[in-house]
Amino acid sequence: MNSELEKPEVTVIKCWDAVNVLMPKLAHSAAIAVPEKVIGSLSVVSKERLGTSLEWSPWKEALLSEDGTYAEQVNCTMFSTKTGSYRIPHVSIDIEDVKCFKVHGDEVDGAPVRLTFITNDGTSHSTLELDDMGYQELIAFLQERLMIERSVKDPHLCLVRDRRGRQRRQDLYDIPNQSAHFLQRFAKSPVTTAFLGLSKVHSMLMTAVDVLAPPMMEDGGPHGAMDTHRIPDFQLPPISMNNLQTTSNDDQDFEVISIKPPLELPPRHTVHRRAPLTATEWKSFFDSEGRITDEHAAEVKDIVFRGGVDVSLRKEVWKYLLGYYDWNATMEERRGKRELLAADYYRMKSQWSTISPEQEKRFSIWRERKDLIEKDVHRTDRNHPFFEGKSAALKVMNELLMTYCMLNFDLGYVQGMSDLLTPVMVIMEGDEVDTFWTFCGLMDSITHNFDMEKLMKELDHLSTLMKYLDPSLKRYIDANDPKLYFCFRWLLVHFKREFSFEDVMRLWEVLWTGRPCKNFHLLVAYAILDTEKNTLVENKFSSTEILRHINDLAMTINLEKTLELAESIYLQLIGAEELPSSIRKIIGLPIRQESSSENSPSRSSREPSKATESQRLNKTAGSPGAFEDHVFESS
Amino acid sequence: MAASAVASPRVHDFKVVLLGEGCVGKTSLVLRYVENKFNEKHESTLQASFLTKKLTIGNRRVNLSIWDTAGQERFHALGPIYYRDSNGAILTYDITDDDSFQKVKNWVKELKKMLGTDIMLTIIGNKTDLEKQRNVSVETAEQYAESVGATHFQTSAKLNRGVEEVFLDLSRRMIEQADKQDAEKRALSPSSRSTAAGNVVLLEETPAAPIKSGCC
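Since we're looking at a predicted model, the values are computed, not measured.

Residues and elements named next belong to chain B. At a closest axis distance of 9 Å, the pairing of helix 1 (residues 26-35) and helix 5 (residues 163-188) adopts a crossing angle of 85°. Considered as vectors, helix 1 and helix 5 are oriented roughly perpendicular to each other. The residues of helix 5 that touch helix 1, namely those facing Leu29, Arg32 and Tyr33, are Val163, Glu164 and Phe167.

Helical periodicity: at 3.6 residues per turn, an α-helix aligns residues three or four positions apart in one direction. Here helix 1 of chain B lies mainly inside the structure; 10 of its 10 residues are buried. Within the span of helix 1 of chain B, buried status applies to B:Lys26, B:Thr27, B:Ser28, B:Leu29, B:Val30, B:Leu31, B:Arg32, B:Tyr33, B:Val34 and B:Glu35.

All right, on to the UniProt feature "domain: Rab-GAP TBC" (unreviewed entry) in chain A then. The UniProt record marks residues 308-515 of chain A with the feature "domain: Rab-GAP TBC" (unreviewed entry), using the residue numbering of this structure. End C-alpha to end C-alpha, residues 308-515 of chain A measures 12 Å, and it is 65% helix and 0% strand.

Residue position: A:Pro58 is located in strand 3 (residues 51-58). Those residues in contact with A:Pro58 that sit more than four places away from it in its chain are A:Val38, A:Ile39, A:Gly40, A:Leu63, A:Thr77, A:Ile88 and A:His90.

By the definition in use, this model includes 27 aromatic pairs over all chains. With a centroid separation of 6.4 Å and 85° between ring planes, the pair formed by B:Tyr83 and B:Trp107 is classed as edge-to-face. Taken together, the positions of B:Tyr83 in helix 2 (residues 79-83) and B:Trp107 in helix 3 (residues 98-115) put the pair 24 residues apart, joining distant regions of the chain. Exposure class is identical for B:Tyr83 and B:Trp107. Each is buried. Here the aromatic rings of B:Phe101 and B:Tyr144 are separated by 5.9 Å at their centres, their planes lie at 80°, and the arrangement is edge-to-face. You can see B:Phe101 sitting in helix 3 and its partner B:Tyr144 sitting in helix 4 (residues 138-147), a full 43 residues away along the chain. Through pairs of rings, three or more aromatic residues link up here, namely A:Trp282, A:Phe286, A:Tyr320, A:Tyr324, A:Tyr325 and A:Trp327. A cation over an aromatic ring shows up here: B:Lys53 above the ring of B:Tyr33, its NZ or CZ 4.8 Å from the ring centre.

Residue and element names in this part refer to chain A. Taken in spatial order, the three strands of this open sheet run 4-5-6, and their pairing is antiparallel. Edge positions in the sheet fall to strand 4 (69-72) and strand 6 (84-89), since each has one partner strand and no second. When the angles between neighbouring strand axes are averaged without regard to direction, this sheet yields 20°. Here strand 4 pairs with strand 5 (residues 76-81) via four bridges, running antiparallel.

With 159 residues, the main nonpolar core has A:Phe520 and B:Ile123 as its most contacted residues. Per element, the largest residue contribution to this core is 11 residues, and it comes from helix 18 (residues 520-538) of chain A. If near-sequence neighbours (up to four positions away) are discounted, A:Phe520 is found in contact with A:Phe305, A:Val510, A:Leu511, A:Arg515, A:Leu563, A:Ala566 and A:Glu567. Ranked by size, the runner-up nonpolar core spans 34 residues in total, among them A:Val38, A:Trp56, A:Leu63 and A:Val98.

Procedures and definitions
Residues numbered from 1 in each chain as written. Chains lettered and ligands numbered in written order. Predicted model: local features only at pLDDT ≥ 70, side-chain atom pairs only at ≥ 80, totals over all residues. Heavy atoms only, no water. Axes fitted to C-alpha atoms, helices over the stretch in contact; angles between N-to-C directions. Helix = DSSP H or I, 4+ residues; strand = E, 2+ residues; numbered from the N terminus. Parallel < 35°, antiparallel > 145°, perpendicular 65-115°, else oblique. Contact = heavy atoms within 4.5 Å. Buried < 20%, exposed > 50% of the residue type's maximum accessible area, 1.4 Å probe, protein only. UniProt positions renumbered as here; feature names shortened; annotations may be inferred. Phe/Tyr/Trp six-rings, centres within 6.5 Å; stacked < 30°, edge-to-face > 60°. Lys NZ or Arg CZ within 6 Å of the ring centre and 35° of its normal. Pairing = 2+ DSSP bridges. Core = buried A, V, L, I, M, F, W, Y, C linked by side-chain atoms within 4.5 Å.

In structure tokens, the structure reads:
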């Protein structure tokens, strides 16, 4: 290897034993049982020329005691047994690169603490779990070297500041000696430093703002019981800034604060999800001839929206949700339709399967598509047991995609389609005809995504929603990636790459109900952004860091919580007094004549007599209205 | 002895973008280089992503942000978002697939048109582990690369052949380019001690303004 890249000398400065790393969630359930966490040691290591870093690697003894073998690789340890293998990622974080860290959950004295470090390029590193003492020591150690402050908006977020007290943006290799001393001086009296800055902000506030947000926090924060004493010296400042928006001003050493106009939105309701649709419930909806009436269909959709479908029922229920079966067809009619559709499928399949090699030579469009499909089939969900090393399943996948190409030749094959197909294939257990037509139903609802212009429009819609729901987030994003390209993949394949296979199936069946409104997937996307807002904004992430952070969220997002939040946001929207027609259009509410004045939103001329959207919906007995009753009961 | 003792140790922040047809091995090259991983069944890239790598070349420190992009033609429109502000581009083809080599030519044309000569180009023929199925001859590719001022490498991300060299060579050329731009700027305003040139950050000074993506 090149001499310029030779290994530097390494000295261990400090070491904590028994530190766990939480294992990343796998996209697919594997035959080998992957532990939730792996035990190891965390050390502070000084590397010649490269500075100081935090390093974690697993305990070899613990791995040896398992029924398997391990192999060291560059950034990880591979652990293998007879049934399979998994990767244990090592942690290596240059201390100078730490941008912030998140402390998970409520910090309870004596309980282990979970920490996720984020570095300057926006990378989220594996979550570490330390005991209380180790945590205190680690923080104390970091404080000697870095200026750390609790985020004002999110007490779980600790930000590293540069010596001017600003959030770090820049990736420096090492700080020259003078500035290291300077930093240490600051580190010794961080409270003074922090409060000096804050007092400036505070005095400015007092003069600029008539109404200060209420009340002082007794011991540490808007989260009440959550104690913040465990990061010594980092009490929350004594003002709640929830109603304030801050704009960073790089020419001054404090932030300029202006009042954020209050949104005309009601508070968020808590919604509760339920257990999945059960077999007993499902059976009860059929009449003697196997029909499901419209009312029952609505009820099924309500249940599925709230809790999804039991795994054992998916094969049947998905056919209805995706429009392959008609809800009110009899069993006889369904059988007849299936026969017709089977014939149709095989007809289209024969159209391409009879293309001779001679024809193919002069059929470049076809050849191109065939190649694209071939390439993707071999790299879609190959770690899922259904597709792992199974040539039969891959052959079917190939045939299904080729046949879909014949059905929708203008669209052709676009990457991402194979991602959408695999869950359907798994649920339909490889039955070609059933898979094909349910997949077509799925594609019908999402096919516009594969037209770039239309997908850009979807991103626009998301941006419009954000502008209404959280103008300050919108302004922040606009300054960095106004087109929201970092959400491209979310929308293209409806979060397929962001959640585990199992979670994606749950999410999709919820979306297929068409409840509670049009484009609910955009509210799901917004809910994730809402959850990540503090991390993005407080860290002052640039467009690249935002992208990095969003990409890193894959397999870490809590689906049920996200769905709850998305629904709460929906309830907020329909509870709003004056919902702009742009928003009404996106979520599929009728556009009223009187709302055309949205371009001049005069908050003072609010008419208290106007009914909110939710009240209006409750009055109308249409299907969304009936659904709303259900919604409000549970909140 | 340590590089920080040298009078003006510099940090170069370089952005490198990988472009090329789908399934030629862009993601595999980056993962091999940055994390020394290889996964035969790696899923297709639907959204650009980036990885970072730090290098020391002589007394220069180099921060590479390596951007991996989605290859399919349909996503072509997203290309400019990721190649703008790039200091270097790695245009990748699959040696078994002549079409993918033709696509490289399209990318070169586009980059030349949009970014001129500021961007350093490297063309890579990947998958040399499939030598038997080769469809693009080395001579053709090398001749083409030379004609457009790009360097040409042959790699196998799978067997970890030639990958490190690609990034090292490109980094060296990007440093040269930055030095050249530096000198040009200095020549333009000889009176001012140029401190912020191209994408170079002098370590002695903590910059007052945040560094925007790519360069300051």
